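So you can see what is in the structure, the chains are spelled out below.
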Amino acid sequence: MISCKEATDFISKKEEGKLTIMQRYALWRHLLICTMCRLFNLQNKTIVKNASTLRETDASLTREEKDGIIQTLNQ
Amino acid sequence: MSTIDTTALVNDYSDLLYRFALPRVNDKDLAKDLVQDTFVSALKNIDSYKAEASLKNWLMTILKNKIIDHYRKAATRLTDRLATENDSDSFFEGDGHWSKPAYPKDWAIPYGSRIEQKEFYSVFELCMKKLKEIQHAVFSMKYLDDIDSDEICKQLNITASNYWVLIHRAKTQLRSCLEKNWFTK
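Residues numbered from 1 in each chain as written. Chains lettered and ligands numbered in written order. Predicted model: local features only at pLDDT ≥ 70, side-chain atom pairs only at ≥ 80, totals over all residues. Heavy atoms only, no water.

Visitor: Just to check I follow, could you spell out a nonpolar patch on the surface for this structure?
Guide: Where nonpolar side chains cluster on the molecular surface, the patch consists of A:Met1, A:Met22, A:Tyr25, A:Trp28, A:Leu32 and A:Ile33 and spans about 760 Å² of accessible area. Residue position: A:Tyr25 is located in helix α2 (residues 21-33). (Patch = residues over 30% accessible without salt bridge, like charges linked within 9 Å, V, L, I, M, F, W, Y side chains within 5 Å. Areas by Shrake-Rupley, 256 points an atom, 1.4 Å probe, with all protein chains shown as cover. Salt bridge = Lys/Arg side-chain N within 4 Å of Asp/Glu carboxyl O. Helix = DSSP H or I, 4+ residues; strand = E, 2+ residues; numbered from the N terminus.)

Visitor: I'm lost on the packing of aromatic side chains in this one. Help?
Guide: Here a ring pair, both rings aromatic, is described through the centre-centre distance and the interplanar angle of the planes. As enumerated under the stated definition, the model contains 12 aromatic pairs over all chains in all. Residues A:Phe40 and B:Trp98 carry aromatic rings whose centres are separated by 5.8 Å and whose planes lie at 45° to one another, so their mutual orientation is tilted. Of this pair, A:Phe40 sits in helix α3 (residues 35-51) while B:Trp98 sits in the loop between α3 (55-84) and α4 (118-129), on two different chains. Of the two residues, A:Phe40 and B:Trp98, both sit in the buried class. A centroid spacing of 5.8 Å and a plane angle of 55° characterise the contact between B:Phe120 and B:Phe183, whose relative ring orientation is tilted. Note that B:Phe120 is positioned in helix α4 and B:Phe183 in helix α7 (residues 160-183), a separation of 63 residues in sequence. No difference in accessibility class separates B:Phe120 from B:Phe183, as the two residues are buried. Chaining the aromatic ring pairs together yields one cluster made of B:Trp107, B:Tyr111, B:Phe120, B:Tyr121, B:Phe124, B:Trp182 and B:Phe183. Positioned above the aromatic ring of B:Phe20, the side-chain terminus of B:Arg24 is 3.8 Å from the ring centre. If you follow B:Lys142 out to its NZ or CZ, it ends over the ring of B:Tyr143, 5.8 Å from the centre. (Phe/Tyr/Trp six-rings, centres within 6.5 Å; stacked < 30°, edge-to-face > 60°. Buried < 20%, exposed > 50% of the residue type's maximum accessible area, 1.4 Å probe, protein only. Lys NZ or Arg CZ within 6 Å of the ring centre and 35° of its normal.)

What follows is the structure in structure tokens.
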């Protein structure tokens, strides 16, 4: 029986198809009986899904910061 | 190069570059420095700029390389540390079971769907900030930029086993932080 630590590690590896058939089976068996790792599995999906939206931001540099850069470039 | 209008260059492209850099390094000052370094390199190498590429893409390529360089430095600092750091982490007991304070709680949401609230992303960013630089680097490369693990290992010159340790720690830490600061708040 694999441990919770291994199971959660396998969950990330599974995303990339990096598990052997035996490892997939071991993960499946673990998830069948372990509520916490089942939760982790679902929460991991939520994290992965929402991480991609982090690449967008509407932040911008202030006028002073831009002027600072311009000054550095003109030196 | 006196023909380059640096003011226009910065006004036109600095925000675009900054918006790319910021979520990937998660530090305002560092992101700003990377943008400035990008312009410095661009002006220094303006002779190698080929007019058929768009200026925007050329600047973005320079910036991406700067970000990777930054990640690489974090990776170099890490490699000696990971080897000595014995595999202790606070989320699991020695036998690999969840440690009691780290038991995942039910978030009571439709799992796997997009969360639309803007505040959620501030919390997510805050939690990302708590990651170690190198954990942040691998997480960003993998989940913001969709690079696969083999390529990340190659670019950062880390072993596959180091990579999986880093991703695992980044995720368990993010999960716990999001749970505390958003889902069960």
